[in-house]
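Residue-level structural notes
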Amino acid sequence: QLQLVESGGGLVQPGGSLRLSCAFSGFNLDDYTIGWFRQPPGKEREGVSCIEKVDDSKHFVNSVKGRFTISRDNAKSTVYLQMRSLKPEDTAVYYCATFRGTYGCSNFVPDEYDDWGQGTQVTVSS
């Protein structure tokens, strides 16, 4: 059965760092484009970062460029989101998700992704 499990969230002060992990089972990770999404309190879910299956290219929303990195470890069946220089506006529930089509990162919106984890809370506060 295909499953995705996020971990690594928590409370961090502004300027701090966290690394989120998304562990996969039930499918081959390299067969899927993977997106990270977040949903701030009272707001809509939005795309944060994405890594393509076809060429391993990486994409980021403008608000996190230069601060977040995404990586894939197919041997460990895990995708990571390294977050640095965190800001209060990064506070959200973070989700990982799969995209079964060919290209999923040029317009990575939630309703185009297929399989989702349960989410992990990230809180950035002093």
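Look up: the structure comes first, before these words.
Just so you know, these numbers come straight off a predicted model, no measurement behind them. (Residues numbered from 1 in each chain as written. Predicted model: local features only at pLDDT ≥ 70, side-chain atom pairs only at ≥ 80, totals over all residues. Heavy atoms only, no water.)

**Here's the deal with the nonpolar core**
Residues Phe24, Trp36, Phe68, Leu81, Met83 and Tyr94 are the most contacted members of the largest nonpolar core, which totals 25 residues. The set of elements that each furnish at least two residues to this core consists of β3 (18-25), β4 (33-39), β5 (46-51), β7 (68-73), β8 (78-83), β9 (92-99) and β10 (120-124). It is β3 that contributes the most residues to this core, 4 residues altogether. Apart from residues no more than four positions distant in its own chain, phenylalanine 24 is found in contact with Gln3, Leu4, Leu29, Ile34, Ser77, Thr78, Val79, Cys96 and Thr98. (Core = buried A, V, L, I, M, F, W, Y, C linked by side-chain atoms within 4.5 Å. Buried < 20%, exposed > 50% of the residue type's maximum accessible area, 1.4 Å probe, protein only. Helix = DSSP H or I, 4+ residues; strand = E, 2+ residues; numbered from the N terminus. Contact = heavy atoms within 4.5 Å.)

**Here we look at the state of the cysteines**
Within the structure shown, the criterion is met by 2 disulfides. Disulfide partner of cysteine 22: cysteine 96, at an S-S distance of 1.8 Å. Residues cysteine 22 and cysteine 96 are joined by a disulfide whose S-S torsion is about 60°; by sign, that bridge is right-handed. You can see cysteine 22 sitting in strand β3 and its partner cysteine 96 sitting in strand β9, a full 74 residues away along the chain. Residue cysteine 22 shares its accessibility class with cysteine 96, and that shared class is buried. With a sulfur-sulfur separation of 2.0 Å, cysteine 50 is cross-linked through a disulfide to cysteine 105. (Disulfide = S-S within 2.5 Å.)

**Looking at the packing of aromatic side chains**
Overall, the coordinates contain 7 aromatic pairs when judged by the stated rule. Judged by centre distance (4.7 Å) and plane angle (80°), the rings of phenylalanine 27 and tyrosine 32 are edge-to-face. Residue tyrosine 32 is classed as buried on the basis of its relative accessible area, which comes to 15%. Aromatic side chains phenylalanine 99 and tyrosine 113 sit 5.3 Å apart centroid to centroid with 50° between the ring planes, which places their arrangement in the tilted category. In this pair, phenylalanine 99 is assigned in strand β9 and tyrosine 113 in the loop between β9 and β10, connecting sequence segments 14 residues apart. Each of the two residues, phenylalanine 99 as well as tyrosine 113, counts as buried. Arginine 45 extends its terminal NZ or CZ atom over the ring of tyrosine 95, reaching a point 3.9 Å from the ring centre. Arginine 45 extends its terminal NZ or CZ atom over the ring of tryptophan 116, reaching a point 4.9 Å from the ring centre. (Phe/Tyr/Trp six-rings, centres within 6.5 Å; stacked < 30°, edge-to-face > 60°. Lys NZ or Arg CZ within 6 Å of the ring centre and 35° of its normal.)

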